[in-house]
Amino acid sequence: MSAAETYFEIKNLQAETEGIPILKGVDLTIRQGETHALMGPNGSGKSTLANVIMGHPAYDVTEGEIWFRGENLLELDPEERARLGVFLAFQYPVAIPGVSVAKFLKSAYDATHGDEKVKSAAFLKELRENIKYLEVDDSFINRYLNDGFSGGEKKRMEILQMLTLKPKFAVMDETDSGLDIDALKVVSKGVNKLTGPDFGLLVITHYERILRYIQPDHLHILIDGKIVHSGGPELVKRLEESGYDWVREEFGQEVLVS
Amino acid sequence: MSKESTAILDDYKYGFYTDIEADSVPKGLSEEVIRIISAKKNEPEWMLEWRLQAYRWWLKQQPPRWAHLEYPPIDFQDICYYSAPKAGADSPEAQAELMATFERLGVPLHERDRMAGVAVDAVFDSVSVATTHREMLAEKGIIFCSISEAIIEHPELVKKYLGTVVPYTDNYYASLNSAVFTDGSFCYIPKGVRCPVDLSTYFRINALDTGQFERTLIVAEDEAYVSYLEGCTAPSRDRNQLHAAVVELIALDRAEIKYATVQNWYAGDKEGKGGIYNFVTKRGHCRGTHSKISWTQVEAGSAITWKYPSVIMEGDHSVGEFYSVAVTTNKMQADTGTKMIHVGNNTKSTIVSKGISAGQSINSYRGMVQVLPDAKNCRNYSNCDSMLIGGECSANTFPYIESENSSAIIEHEATTSRVSEDQIFYLKSRGLSEEDAISMVVNGFAREVFKQLPLEFSVEAVRLLEMKLEGSIG
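Cut-offs used in this document
Counting starts from 1 at the beginning of each chain's written sequence and moves along it residue by residue. As a convention, the first chain written is A and the first ligand written is 1, with the rest following in written order. At least 70 in pLDDT is required for a residue's local features to be given in this predicted model, at least 80 for side-chain atom pairs to be given and counted, and no such filter applies to totals for whole chains, interfaces and linings, which use all residues. Hydrogens and water are ignored here; the side-chain numbers use all heavy atoms of the structure. Runs of E in the DSSP output that reach at least two residues are strands. Runs of H or I that reach at least four are helices, and both are numbered from the N terminus. The span you would expect from a helix comes to 1.5 Å times its residue count less one. Any two residues whose heavy atoms approach within 4.5 Å are treated as being in contact. Buried area adds together the accessible area that both of two parts lose upon being put together, with accessible area traced by a 1.4 Å probe. Throughout this description, the term salt bridge denotes a Lys or Arg side-chain nitrogen within 4 Å of a carboxyl oxygen of Asp or Glu. The definition of a polar contact used here is a pair of N or O atoms within 3.5 Å, where within protein one atom must be able to donate a hydrogen and the other to accept one, and adjacent residues in sequence count solely through side-chain atom pairs. The buried label applies to any residue whose accessible area, calculated with a 1.4 Å probe on protein chains only, is under 20% of its type's maximum; exposed applies above 50%, and partly exposed to all values in between. Nine residue types can take part in a nonpolar core, namely buried Ala, Val, Leu, Ile, Met, Phe, Trp, Tyr and Cys, and a core is a set of them joined through side-chain atoms within 4.5 Å. In this description, a line fitted to the C-alpha atoms serves as the axis of each element, helices being fitted only across the stretch in contact, and the angle between N-to-C directions of two axes falls anywhere from 0 to 180 degrees. Comment on the angle field: the value is read as roughly parallel under 35 degrees, roughly antiparallel over 145, roughly perpendicular from 65 to 115, and oblique elsewhere. It is the rotation of the near helix from the far one that decides the hand of a crossing: anticlockwise by less than a right angle makes it left-handed, clockwise makes it right-handed. Think of it as three bins: nonpolar holds Ala, Val, Leu, Ile, Met, Phe, Trp, Tyr, Cys and Pro, charged holds Asp, Glu, Lys and Arg, and polar takes everything else, Gly as well. Two strands pair under a simple rule: DSSP has to find at least two bridges between them. Note on handedness: a crossover is taken as right-handed if, strands pointing away from the viewer, the path from the first strand over the helix to the second is clockwise. Working definition: a ring pair exists when centres of Phe, Tyr or Trp rings (six-membered ring for Trp) sit within 6.5 Å. Plane angles under 30 degrees give stacked, over 60 give edge-to-face, the rest tilted. Only lysine NZ and arginine CZ atoms are considered, and such an atom sits over a ring when it is within 6 Å of the ring centre and within 35 degrees of the ring normal.

Novice: I would appreciate a short explanation of helix α4 (residues 120-133) of chain A in the present structure.
Specialist: Quick reminder: α-helices carry 3.6 residues per turn. Residues three or four places apart thus point the same way. Over its 14 residues, α4(A) extends 20 Å from the first C-alpha to the last, a length consistent with the 20 Å expected when each residue adds 1.5 Å. Looking one or two residues past α4(A), Glu135(A) carries a phi angle of roughly 55°, positive in sign.

Next comes the structure, spelled out in C-alpha cells:
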C-alpha cells in the first residue's frame, strides 16, 4: 500500500435492510496501528455497520465506499475480505454442530493464509498456547464450534479465532456484552496481544467499562445511522479524567451504559 | 474395442454408458422368463421352484402405497429382467471392457491395482463379473463369491439361509426380487474367524430398461466378524429404472456384521426426469446371543428411495444399529429409516438418522422400534435430525414405537434445522468459500454417521455430499 492510502476508510456509507434505511451516511477513518471505539444506543446501527464491513448479505449498501489497504471491500465477497485480513468478532456467533474448533480453525487459517503452509502439529501447538493465554480449558479445541457454549465461552471463542487468524483489521461487535468482569479482563488481554503497529481495531460497545481495558485512540458516537461526534486523543484523555457522564448528558442516557 | 458413449448428463460423473453387447431376455415377466433366467444360471431345481413360488405369491399382491412418495404405477411388463454382457467371462475383449468400466468408476478389479484391505465383487447389470482376493479369503475358510456361484457351489448353505430373514412373502418388492434375482454377493464367515479385509460389492446398472434385482446373503457363524461395503451407480438416462434388491444378514452367537452402503444411483435430472427407483429390503437377524448387526448407509442417489434396513434382535444381549445419512436434491424423494425389533432379553438398539433436503426434494424418515412382550430390559436410543437447505424442500419424520414390555427404555430425539444464511456468512467471514462453508455445515451435521464408515469410504462419502449439494444454496 502506498503512503497516500489510508488503512481503513468508510465514506458516506448508507445501508438498509428489508427496505429500512439503517446507516445514513457514515464516515470513518482508521489509520494503521489505531484503535477506535464506536458507541451508540441500541438501534443506532452499530451492528449493521459491523455486518456491512464484513459483507453480510442481509444488508444492502445503497451509497458509499469502504476501503481497506487500497481495496474497495464493497466489491468483494465476505471470504475475500477475510483473506485480505479483515475480521469480525460477532455479537452473536452461530453454532456449527459436528465441526470441531480445531478443524474449523485450521480450515479458516488455511483459507486466510493461502500461501503459507502450516503443519497441523505446529498449528495445534500455537492454538494450545492461545487457549492457555485466554484461560480456556484445553478440551475447547475438540468441542464443536459454539455448540452448547455459554455466552462467555462464545465471546472467548471469537477472540481465540482472532488471535489464531491474526487479522490486520478487526471489528469487535459488542464483544463485551454479557461478560462478567473476569471474562472481560481475559478478552481484553487477548485483544491487547494483537494491537500494535500492524493492526487496526474498531471496538463497538454499549458499555464504557471495556474501554478501561482496551484503550482507544479515537472515539465516535453513532446515533440514528450517523456519527454525530468524534474525538481524538484529547477526547479520550478528557474521558479518562472526567469519566463518561458528559456523553450521557450530551447524547442521551442510552448511548452508554455503565 | 467397442466405444463408450461419454454423454454425461449434468454433473453425475458416473452417468456414462458402456457399449457392450448384451445377452438379454425379452422384456416382460412370466413363469417362462423365470425359467429362462434360472436355466441361464444352471440353477438346481429347488432354486427354480423357490423362484416360482415367489412369483405366484407376487402375482396376488398389490404394490405398497403407504410411503410418502409420488410416482406413477410401474409397468412390470416393460422391464427386462435379465441382461448380461454377451461374451461373459470367456471373451478377453469383453473382460477388458468391463474392467475398464469399473476402473472408471474407481473400482479397480485388476490384480495389480486392487485396493489394499478390500476384497471386491463387481456386479454389472445381472451378473457378477469379478471377485478379488479369493484365494487369501479361502485360506481362512471365508466364502466370498457371487450368489449365482454360491447356489451351485454351496447349495447346502444357500438352502439353509436364503429367505430365512426376508421370506418371499415379506413384501411386494422382496417377492419380486425372489422371483427374478439375477446376481449379488454371498459371504460366509466360519466360526471364530475375523475377516481380515473389508468385503465389498460394487453394483452397476448399465443396460437400458433393465431392472437390477440383486440378492445378497451374509452369514457370520459364532464369533465371526465381517465388515461389508456396498457401492452403486448407473448411467444417466431419461427413463426410470427399477432396482429392487434384497439383503439378508445372519449373525450367530457373538458374531458381528457391519454393513455399509454408499448409494449413488442416478437420481434423474433437475426436472426430475429419469433416475433409479431404489426399492430395497435389507434386514439383519441377530440369531445368536451377544451378536451385533450394524447398518450404515449414505443414500445420495436415486430418484426414489424406499428402504428400511432393519435388525431383528432375537438372541439375548444382541445389538442392532442403524446410522443413516440421506441426501435429496432437485426432485428426489426418499422414504427411508429402519425397524428395530427387540425379541430377546437385554437387547439394545441405536438409531441415528440424518436427513438433508435441498431443491424441491422430499426426505422422510420412517422408523419403528418394537419391543415384544417377553423381551425384558431392552433399550433403544433414536436420534433423527433433518436439515433443510433452501425454502422449497421438505422433511418429515414418522417414528413408530410399539413397546409391549414395561421394562423397556426407549428414547427418541428429533430436530429439524435449516442451513442458515448466518451460518454460511459466519464461515465465509473466516475466509471459507461458499462451497466449503456449506460442506462444512453439512458434514458436521452428518459427522456422527460418517465416523461409522471405514476411512476411505468416509472420505468418499464426504466428497459425494459436497458434489451433491454444490450450488444448492443461494
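And the narrative resumes.
Novice: Would you take a moment to explain the interface of chain A and chain B for this structure?
Specialist: The accessible area lost on association of the parts is a frequent measure of interface size. Opposite the 34 residues of chain A that make contact, chain B presents 18 residues. Carbon and sulfur atoms make up 67% of the area that chain A and chain B hide from each other, which totals about 2000 Å². Together, Glu79(A), Val94(A) and Ile96(A) form the three largest contributors to the area buried by chain A at its contact with chain B, with a combined 24%. For Glu79(A), the salt bridge identified is with Lys428(B), shortest N-O distance 3.7 Å. Taken together, the connections running from chain A to chain B amount to 11 residue pairs in polar contact (both at pLDDT 80 or more). Residue assignment for the side of chain A that touches chain B shows that the elements contributing at least two residues are α1 (46-54), α2 (78-84), β6 (86-89), α3 (101-112) and α5 (151-165) of chain A. For the side of chain A that touches chain B, the element with the highest residue contribution is α3(A), accounting for six residues.

Novice: Before we go on, may I ask you to explain the side chain of His206(A) in this structure?
Specialist: Residues and elements named next belong to chain A. Structurally, His206 is set in the loop between β8 (200-205) and β9 (218-223). Judged by relative accessible area, which is 7%, His206 ranks as buried. Here Gly40 takes part through its backbone oxygen, which lies 3.0 Å from a polar atom of the side chain of His206.

Novice: Please clarify how the nonpolar core should be interpreted in this entry.
Specialist: Considering soluble globular proteins, one finds that nonpolar side chains tend to be buried as a cluster. Ile53(A), Phe169(A) and Met172(A) are the most contacted members of the largest nonpolar core, which has 112 residues in total. If you tally residues by element for this core, the top one is helix α9 (residues 434-450) of chain B, at nine residues. Beyond its immediate sequence surroundings of up to four residues, Ile53(A) is in contact with Phe8(A), Ile10(A), Ile66(A), Leu73(A), Arg81(A), Val86(A), Phe169(A), Val171(A) and Leu202(A). Core analysis: the second largest hydrophobic core is formed by 56 residues, Trp58(B), Leu157(B), Tyr168(B) and Ala179(B) among them.

Novice: What is the right way to look at the packing of helix α1 (residues 31-40) of chain B against helix α2 (residues 45-59) of chain B in this model?
Specialist: Packed helix pairs are specified by the crossing angle of their axes together with the interaxial distance, meaning the distance between the axes. All names here are of chain B. Between α1 and α2, whose axes approach to 10 Å, the crossing angle comes to 155°. Here α1 lies roughly antiparallel to α2, going by the angle between them. Crossing geometry of α1 relative to α2 is assigned as right-handed. On α2, the residues that touch Glu31, Ile34, Arg35, Ile37 and Ser38 of α1 are Leu48, Arg51, Leu52, Tyr55 and Arg56. A breakdown of the residues in the contact of α1 with α2 according to their chemical character gives five nonpolar, one polar and four charged.

Novice: Sorry if this is basic, but what is going on with the pattern of salt bridges here?
Specialist: Side-chain pairs of opposite charge can arise where the charged atoms are in close proximity. Residues and elements named next belong to chain B. Within the structure shown, the criterion is met by 29 salt bridges over all chains. In this structure, Glu434 and Lys428 form a salt bridge, with 3.0 Å as the shortest nitrogen-oxygen distance. We classify Glu434 as partly exposed; its relative accessible area is 21%. For Lys428, a relative accessible area of 12% translates into the label buried.

Novice: Would you mind showing me how to read the sheet that holds strand β2 (residues 20-30) of chain A here?
Specialist: One key point about sheets: their strands pair by backbone hydrogen bonds, in either a parallel or an antiparallel sense. Residues and elements named next belong to chain A. Pairing in this open sheet of four strands is antiparallel, and the strands run β2-β1-β4-β5 from one edge to the other. Each end of this open sheet is capped by a strand with a single partner; those strands are β2 and β5 (71-72). With respect to the sheet, α1 is in contact with β1 (8-17), β2 and β4 (60-68), its orientation differing from that of β1 by roughly 110°.

Novice: Hey, could you run me through the environment of Leu160(A) in this one?
Specialist: Relative to the elements of secondary structure, Leu160(A) occurs in helix α5. Discounting residues that sit within four places of it in the chain, Leu160(A) has contacts with Leu105(A), Leu127(A), Asn130(A), Ile131(A), Leu134(A) and Phe140(A).

Novice: Just to check I follow, could you spell out the sheet that holds β9(A) for this structure?
Specialist: Residue and element names in this part refer to chain A. Ordered in space as β6-β7-β8-β3-β9-β10, the six strands form an open sheet in which the pairing is mixed. Every interior strand has two partners, whereas the edge strands, β6 and β10 (226-231), have only one. For this sheet, the mean angle separating the axes of adjacent strands, direction not counted, is 20°. Pairing of strand β7 (residues 169-173) with β8 involves five bridges; the strand directions are parallel. Opposite Phe169, over in β8, you have Gly200 as the bridge partner. Where α1 meets the sheet, it contacts β3 (35-39), β6, β7, β8 and β9, and its direction lies at approximately 145° from that of β6.

Novice: In this structure, what is going on with the pairing of β7(A)? I would like to understand it.
Specialist: Along a regular strand, successive side chains alternate from one face of the sheet to the other. All names here are of chain A. Most of β7 sits inside the fold, with five of its five residues counted as buried. Side chains of β7 alternate between two faces, with Phe169, Val171 and Asp173 and Ala170 and Met172 buried alike. As judged from the four bridges shared by β6 and β7, these two strands associate in the parallel manner. Each bridged residue has a counterpart across the sheet, and for Ala89 the counterpart in β7 is Met172. Regarding the hand of the β-α-β motif, the stretch spanning β7, helix α6 (residues 181-194) and β8 is right-handed.

Novice: Sorry if this is basic, but what is going on with the packing of aromatic side chains here?
Specialist: Residues and elements named next belong to chain B. Enumeration according to the criterion identifies 26 aromatic pairs over all chains in this entry. Every member of this aromatic cluster is reached through a ring pair, and the members are Tyr55, Trp58, Trp66, Tyr71, Phe76, Tyr172, Tyr173, Tyr277, Phe279, Trp306 and Tyr308. The ring centre of Phe445 lies 5.2 Å from the NZ or CZ of Lys354, which sits over that ring. We note Arg430 situated over the ring of Tyr426; from NZ or CZ to the ring centre the distance is 5.1 Å.

Novice: I keep staring at unusual backbone geometry and nothing clicks. Help me out?
Specialist: As a rule of thumb, non-glycine residues mostly have phi less than zero, and peptide bonds are mostly trans rather than cis. Residues and elements named next belong to chain B. Its identity as a non-glycine residue notwithstanding, Asn330 has a phi of 45°, on the positive side. Here Asn330 shows up in the loop between β19 (319-328) and β20 (333-342). Its relative accessible area of 26% is what places Asn330 among the partly exposed residues. Here the phi dihedral of Asn377 falls at roughly 55°; this positive angle occurs in a residue that is not glycine.

Novice: How do you make sense of the pairing of β3(A) when you look at a structure like this?
Specialist: All names here are of chain A. In terms of burial, β3 is a largely internal element, five of the five residues being buried. What you see with β3 is no split at all: Thr35, Ala37 and Met39 on one side and His36 and Leu38 on the other are buried throughout. The pairing of β3 with β8 spans five bridges and is classified as parallel. Counted as the bridge partner of Met39 is Thr205 from β8.

Novice: I would appreciate a short explanation of the packing of α9(B) against helix α10 (residues 455-469) of chain B in the present structure.
Specialist: All names here are of chain B. It is the contact of α9 with α10, at a shortest axis distance of 10 Å, that shows an interaxial angle of 140°. Considering only the axes of α9 and α10, their crossing is right-handed. Where α9 abuts α10, its residues Ser439, Val442, Asn443, Ala446 and Phe450 lie against Ser458, Ala461, Val462, Leu465, Glu466 and Leu469. The residue makeup of the contact of α9 with α10, split by class, is seven nonpolar, three polar and one charged.

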